[in-house]
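Below are the chains, spelled out letter by letter.
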Amino acid sequence: MKTEISTKNAPAAIGPYSQAIEVNGMVYTSGMIPICPQTGELVTGSVEEQAEQALSNLKALVEASGSSMDRVVKTVVFIKNMDDFAKINAIYEKYFTEPYPARSCVEVARLPKDVLLEIEAVALK
């Protein structure tokens, strides 16, 4: 059985999908982009500011599921420019501790709302 996870502390879905789904003790999040959940406004600053907001949104969603960031086992980071990899890592490491989750990071041509990054996660409940 799958259970929908949602929170007002992360951006609402902007399409036909759930913020996150829990199944068999695992939480699968949708990609979080840098939208301020309180205002619905896009954070349009630097890649560091966007990374901070996207990861804050991810943290809120993971915690809403009853899990925590130290129970995240896998992330996927989509970035618009691989030259921003180190800048994003500097923010990323503020949200995770060792042992760090497994991770994929890919450069993409375009992301929703033309943001600079999007991040999704899989966590143990």
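Residues numbered from 1 in each chain as written. Predicted model: local features only at pLDDT ≥ 70, side-chain atom pairs only at ≥ 80, totals over all residues. Heavy atoms only, no water.

**Concerning the overall build of the protein chain**
From N to C terminus, the protein chain includes two helices and six strands. Helices and strands in the protein chain line up, N terminus first, as β-β-β-α-β-α-β-β. Taking 125 residues into account, the globule formula puts the C-alpha radius of gyration at 14 Å, and the protein chain, at 13 Å, falls close to it. With the C-alpha coordinates of the protein chain rotated into their principal frame, the extents come out at 40 × 35 × 25 Å. (Helix = DSSP H or I, 4+ residues; strand = E, 2+ residues; numbered from the N terminus. Rg over C-alpha atoms; globule rule 2.2 N^0.38 Å.)

**Focus on the side chain of Gln19**
Locating Gln19 in the fold gives a position in the loop between strand S1 (2–5) and strand S2 (20–23). Polar side-chain contacts of Gln19 include one of 3.2 Å to the backbone oxygen of Ala10. Aside from chain neighbours lying at most four places away, what touches Gln19 is Ile5, Ser6, Thr7, Ala10, Pro11, Ala12, Ala13, Thr29, Ser30 and Leu61. (Polar contact = N/O pair within 3.5 Å; in protein donor to acceptor, adjacent residues only side chain to side chain. Contact = heavy atoms within 4.5 Å.)

**Notes on unusual backbone geometry**
Looking along the chain, the bond that leaves Glu98 and enters Pro99 is cis, with omega of -5 degrees. Positive phi values are uncommon outside glycine, yet Asn24 reaches one of about 50 degrees. Notably, Asp114 is not glycine yet its phi reads approximately 60 degrees, a positive angle. Residue classification places Asp114 among the partly exposed residues on the basis of a relative accessible area of 39%. (Buried < 20%, exposed > 50% of the residue type's maximum accessible area, 1.4 Å probe, protein only.)

**Comments concerning the sheet that holds strand S5 (residues 102–107)**
With respect to topology, six strands assemble into an open sheet ordered S1-S2-S3-S6-S4-S5, the strand pairing being mixed. Sheet topology places S1 and S5 at the edges, where each strand pairs with a single neighbour. For this sheet, the mean angle separating the axes of adjacent strands, direction not counted, is 15 degrees. Its contacts with the sheet place helix H1 (residues 47–64) against S1, S2, strand S3 (26–29), strand S4 (72–79) and strand S6 (117–124), and it is angled at close to 25 degrees to S6. Against the sheet, helix H2 (residues 85–92) contacts S4, S5 and S6, and its axis sits at roughly 145 degrees relative to S4. (Pairing = 2+ DSSP bridges. Axes fitted to C-alpha atoms, helices over the stretch in contact; angles between N-to-C directions.)

Shape is all these values report; function is a separate question.
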